[in-house]
Amino acid sequence: MTTQIQPETTQELSSPELLNDSTLINYVEEIETVIAGMAEDQKVMVGQNEEGYQWKFKYGTVDVFVQLTGTSDEDTFTVWSSVLSLPVKDEPKLMRLLLEMNWSGTFEARYAIVDNQVVVLASRTVEDLSPGEISRAITVVATIADDSDEPLREEFGMA
């Protein structure tokens, strides 16, 4: 007597729907948890509008901003802090110093210029963003900004 074994039908466990349901991260909650541990006097300004969420808190001598434009893969998570206002004395020397620091001393962050301000920033899309990356980006930007704002102001100051 011969028996035939019928192939079983299996549901693929790695379908995007199943993965998304089981690995959803509440980005807003994660950001607020990190900020709560860093903010001086636990003072945090929070805003929400059609452009997403934004937080502002004081860390040492700097204000740190965090923005989350949404929670889809294409949205962005950005952290920044201003360290110096432009114009400054010896701007070419400052620009060279910032480029050199971008190479060796900013980890995932970088120095940039926006609205006549030298800022430290980290930015990336939300796709595959982990709680550890949220914590690291906020910590790195806040620490670098707090460590560099006073020395940069002392050396380059206002023009």
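Higher on the page you've got the structure.
Residues numbered from 1 in each chain as written. Predicted model: local features only at pLDDT ≥ 70, side-chain atom pairs only at ≥ 80, totals over all residues. Heavy atoms only, no water.

Asker: Which parts of the structure should I look at to understand the overall build of the chain?
Answerer: Counting its secondary structure elements, the chain contains 4 helices and 6 strands. Along the chain, from the amino end to the carboxyl end, the secondary structure elements read α-α-β-β-β-β-α-β-β-α. When contacts within the chain are restricted to residue pairs at least 6 apart in sequence, long-range pairs at least 24 apart make up 59% of them. Here the chain has roughly 10300 Å² of accessible surface; of this, 51% comes from carbon and sulfur atoms. (Helix = DSSP H or I, 4+ residues; strand = E, 2+ residues; numbered from the N terminus. Contact = heavy atoms within 4.5 Å. Areas by Shrake-Rupley, 256 points an atom, 1.4 Å probe, with all protein chains shown as cover.)

Asker: Please clarify how the pattern of salt bridges should be interpreted in this entry.
Answerer: In a structure, side chains of opposite charge can pair up when their charged atoms sit close to one another. What the rule picks out here adds up to 7 salt bridges. Between Asp63 and Lys58 there is a salt bridge, and its shortest N-O distance comes to 3.9 Å. Since its relative accessible area comes to 30%, Asp63 is described here as partly exposed. What makes Lys58 partly exposed here is its relative accessible area of 35%. Between Lys93 and Glu155 there is a salt bridge, with its nearest N and O atoms 3.0 Å apart. Here Glu155 lies in helix H4 (residues 131–156) and Lys93 lies in helix H3 (residues 91–104), a separation of 62 residues in the sequence. On the basis of relative accessible area, Lys93 is assigned to the partly exposed category, the value being 44%. (Salt bridge = Lys/Arg side-chain N within 4 Å of Asp/Glu carboxyl O. Buried < 20%, exposed > 50% of the residue type's maximum accessible area, 1.4 Å probe, protein only.)

Asker: I'm lost on the packing of helix H2 (residues 27–38) against H4 in this one. Help?
Answerer: Any two packed helices are characterised by how steeply their axes cross, that is the angle between the axes, and by the distance between the axes. Here H2 crosses H4 at 40 degrees, and the two axes come no closer than 10 Å. Classified by the angle their axes make, H2 and H4 are oblique. Judged by the twist between their axes, the crossing of H2 over H4 is right-handed. Across the interface between the two elements, Tyr27, Glu30, Ile31, Val34, Ile35 and Met38 of H2 pack against Pro131, Ile134, Ser135, Ile138, Thr139 and Ala142 of H4. A breakdown of the residues in the contact of H2 with H4 according to their chemical character gives 9 nonpolar, 2 polar and 1 charged. (Axes fitted to C-alpha atoms, helices over the stretch in contact; angles between N-to-C directions. Parallel < 35°, antiparallel > 145°, perpendicular 65-115°, else oblique. Left-handed = near helix turned anticlockwise from the far one by under 90°. Nonpolar A, V, L, I, M, F, W, Y, C, P; charged D, E, K, R; others polar.)

Asker: Even after reading the chapter, I still don't get the pairing of strand S1 (residues 44–49), so can you show me in this structure?
Answerer: The side chains of a regular strand alternate, first on one face of the sheet and then on the other. Within S1, only 0 of the 6 residues are buried, leaving the element largely exposed. Taking the residues between adjacent antiparallel strands as the criterion, S1 and strand S2 (residues 52–59) are bridged by 2 residues. (Pairing = 2+ DSSP bridges.)

Asker: Is there a simple way to think about the side chain of Asp75 in this case?
Answerer: Examined against the element boundaries, Asp75 turns out to sit in the loop between strand S3 (62–68) and strand S4 (76–85). Buried charge without a salt bridge: Asp75, with Arg124 as the nearest opposite-charge side chain at an N-O distance of 12 Å. A polar contact of 3.1 Å, which involves the side chain of Asp75, links it to the side chain of Thr69. Within the local environment of Asp75, its side chain forms a polar contact with the side chain of Ser72, the two groups lying 2.8 Å apart. Those residues in contact with Asp75, other than ones at most four positions away along the chain, are Thr69, Gly70, Arg124, Thr125 and Val126. (Lys, Arg positive; Asp, Glu negative; His and termini not counted. Polar contact = N/O pair within 3.5 Å; in protein donor to acceptor, adjacent residues only side chain to side chain.)

Asker: Which parts of the structure should I look at to understand unusual backbone geometry?
Answerer: Among all residues except glycine, the phi angle is most often negative; among peptide bonds, the trans geometry is most common. Going from Leu86 to Pro87, the amide bond is cis rather than trans, its omega being 5 degrees. Tracing the chain through its elements places Pro87 in the loop between S4 and H3. Within the chain, Asp115 stands out as a residue other than glycine whose phi angle is a positive 50 degrees. Along the chain, Asp115 turns up in the loop between strand S5 (110–114) and strand S6 (117–125). According to the relative accessible area criterion, Asp115 is exposed, its value standing at 69%. For Asn116, which is not a glycine, the phi torsion comes out positive at approximately 55 degrees. Looking at where Asn116 falls in the secondary structure, it is placed in the loop between S5 and S6.

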